[in-house]
Amino acid sequence: MERAGQSKVPSQQEPRQAVGDFLRARDRRARFMTELYAALGKFRISRDETGRAVAELDEAGTVMVRDHFCADPHLAGVDLRVVAWVESQGGEDAQLDAIRRIDETWNKWLNEYLANHRCG
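Read on for an overview of the structure.

Right, let's get into the overall build of the protein. Check the secondary structure of the protein and you find four helices and three strands. For the protein, the sequential pattern of α-helices and β-strands runs α-β-α-α-β-β-α. Residue pairs at least 24 apart in sequence account for 53% of intrachain contacts in the protein once pairs closer than 6 positions are excluded. Counting only carbon and sulfur atoms, one obtains 48% of the accessible surface of the protein, whose full area is about 7,500 Å².

Structure follows, in structure tokens:
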């Protein structure tokens, strides 16, 4: 049974297909790599397999990956990459749309993080 808001990824899928299915689901939102690792890990797709699949899809131009930085020492070593599926919707430029979705995801997370986190 599929829980509300979660996409179903069959365990027999190969990693690139599973990455695509996850990123195209749920309103095509961009996702943090950590979300992708967690989602595909539930289907026994390892972090290494997921990472390789994302790198291959990025090289092919199918996904876009943007790395982010936050100077907070509590985030040292945290993977802040955000990935989005690259496809044209309604005549939009596919790469610009992917950048927009990545920026929206990053900005939302950063705003919530800064509003709730206090370094002391």
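What follows deals with helix H4 (residues 94-116). Residues three or four positions apart in an α-helix share a direction because the helix packs 3.6 residues into each turn. An ideal rise of 1.5 Å per residue puts 33 Å on 23 residues; H4 measures up with 33 Å between its terminal C-alpha atoms. Tucked inside the fold, the buried residues of H4 contact strand S1 (31-32), strand S2 (63-66) and strand S3 (82-85). Between the side-chain oxygen at the start of H4 and the backbone nitrogen of Gln95 there is a gap of 3.1 Å, and the oxygen is on Asp93.

So, about the pattern of salt bridges. For side chains bearing opposite charge, pairing can occur when the charged atoms are close. One pass over the structure, following the stated rule, counts eleven salt bridges. The salt bridge involving Asp79 is made with Arg81; its shortest N-O contact spans 2.8 Å. Between Glu104 and Arg100 there is a salt bridge, with the nearest N and O atoms lying 2.8 Å from each other. Linking Glu104 with Arg100, this pair stays in helix H4, spanning four residues, or about one helical turn.

What counts, and at which threshold
Residues numbered from 1 in each chain as written. Predicted model: local features only at pLDDT ≥ 70, side-chain atom pairs only at ≥ 80, totals over all residues. Heavy atoms only, no water. Helix = DSSP H or I, 4+ residues; strand = E, 2+ residues; numbered from the N terminus. Contact = heavy atoms within 4.5 Å. Areas by Shrake-Rupley, 256 points an atom, 1.4 Å probe, with all protein chains shown as cover. Expected span 1.5 Å × (residues − 1). Polar contact = N/O pair within 3.5 Å; in protein donor to acceptor, adjacent residues only side chain to side chain. Salt bridge = Lys/Arg side-chain N within 4 Å of Asp/Glu carboxyl O.

Function cannot be inferred from these measures alone, as they are strictly geometric.
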